[in-house]
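Letter by letter, the chains look like this.
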Amino acid sequence: MSAVPDRSRRALLLGRQAARTPLRPPWALAESEFVDACTGCGACVERCPEQVLVRGAGGYAVFDPRLGECTFCGDCVDACAPNALDRDVAAMPWHTLAVAGDACLPRHGVVCSSCRDACPERAIAFPLSTSVPTPVVDAARCNGCGACVGVCPVEAMAITHLEQA
Ligand code: SF4
Ligand code: SF4
Ligand code: SF4
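Within each chain, residue numbers correspond to sequence positions counted from 1 in written order. Chain letters and ligand numbers both follow the written order, the letters beginning at A and the numbers at 1. Under the rules for a predicted model, residues below a pLDDT of 70 receive no local features and side-chain atom pairs below 80 are neither given nor counted, while totals for whole chains, interfaces and linings still include all residues. As a convention, hydrogens and water are excluded, and side-chain values are obtained from all of the structure's heavy atoms.

Let's shift gears to the pattern of salt bridges. What counts as a salt bridge is simple: a side-chain nitrogen of Lys or Arg found within 4 Å of a carboxyl oxygen of Asp or Glu. Going through the model one piece at a time under the given rule, you end up with six salt bridges. Of the charged contacts in the structure, one is a salt bridge between Asp-138 and Arg-141, with a shortest N-O distance of 4.0 Å.

Put into structure tokens, the structure is as follows:
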């Protein structure tokens, strides 16, 4: 069953998003256009074979990398009748970057490289500059797929919009 997002909450949502824009499905329109176009039908959520999309605040579609990796198959885009997702809007589906937070185990002297091992783009390196190397993400290689997020044992890895990194 589809559910129309609560338009009365749009301004409140956009106000909150000024501080932190949610991660939308790949090839989403710019945020203000996306919340205008997305009807909250949930078709993208149902179609995603990786089950990494959910209906978030206000019913709008959200990518949750804690659930797994986006393979960029494009099924969500094909399912989106209102074209809130549009492969023509950008060559890259996202302008996002993985960032390791303070909980990252090597920062506390514990060896871990789960994120590097999961990254299909080989975007994560552990420079040997300290006794316990910590992860550094190469922004030129990272495509925001989220594969490094769910595998982190302490939920230290997150996907961030480039302008908010
Ligand atoms: S591109 Fe494919 S794997 Fe990625 S969110 Fe869309 S449907 Fe899921
Ligand atoms: S298919 Fe399109 S309109 Fe429907 S919830 Fe997903 S992004 Fe929104
Ligand atoms: S988001 Fe994907 S490409 Fe970027 S560092 Fe994580 S696993 Fe690698």
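All right, on to the pairing of strand β3 (residues 96–100) then. Each residue is placed in one exposure class: buried if its accessible area under a 1.4 Å probe, protein chains only, is under 20% of its type's maximum, exposed if it is over 50%, and partly exposed if it falls in between. Counting from the N terminus, the helices are DSSP H or I runs at least four residues long and the strands are E runs at least two residues long. Burial of β3 is extensive: four of the five residues sit out of reach of the surface. We treat two strands as partners when DSSP finds at least two bridges between them. In the sheet, β3 pairs with strand β6 (residues 157–161) via five bridges, with the strands oriented antiparallel. Within β6, the position partnered with Val-99 by the bridge is Ala-158.

The next point concerns the site of ligand 3. Neighbouring residues of ligand 3: 13 residues in total, closest Cys-119, Cys-142, Cys-145, Gly-146 and Cys-148. Of the residues that constitute the shell around ligand 3, the class distribution is nine nonpolar, three polar and one charged. Throughout, the term near means that a residue has one or more heavy atoms lying within 4 Å of the molecule or strand in question. We call Asp, Glu, Lys and Arg charged. Ala, Val, Leu, Ile, Met, Phe, Trp, Tyr, Cys and Pro are nonpolar, and the rest, Gly among them, are polar.

Here the focus is unusual backbone geometry. One non-glycine residue, Asn-83, lies in the positive phi region at around 60 degrees. Taking relative accessible area as the criterion, Asn-83 reaches 44% and is therefore assigned partly exposed.

None of the figures reported here should be taken as evidence of function without further support.
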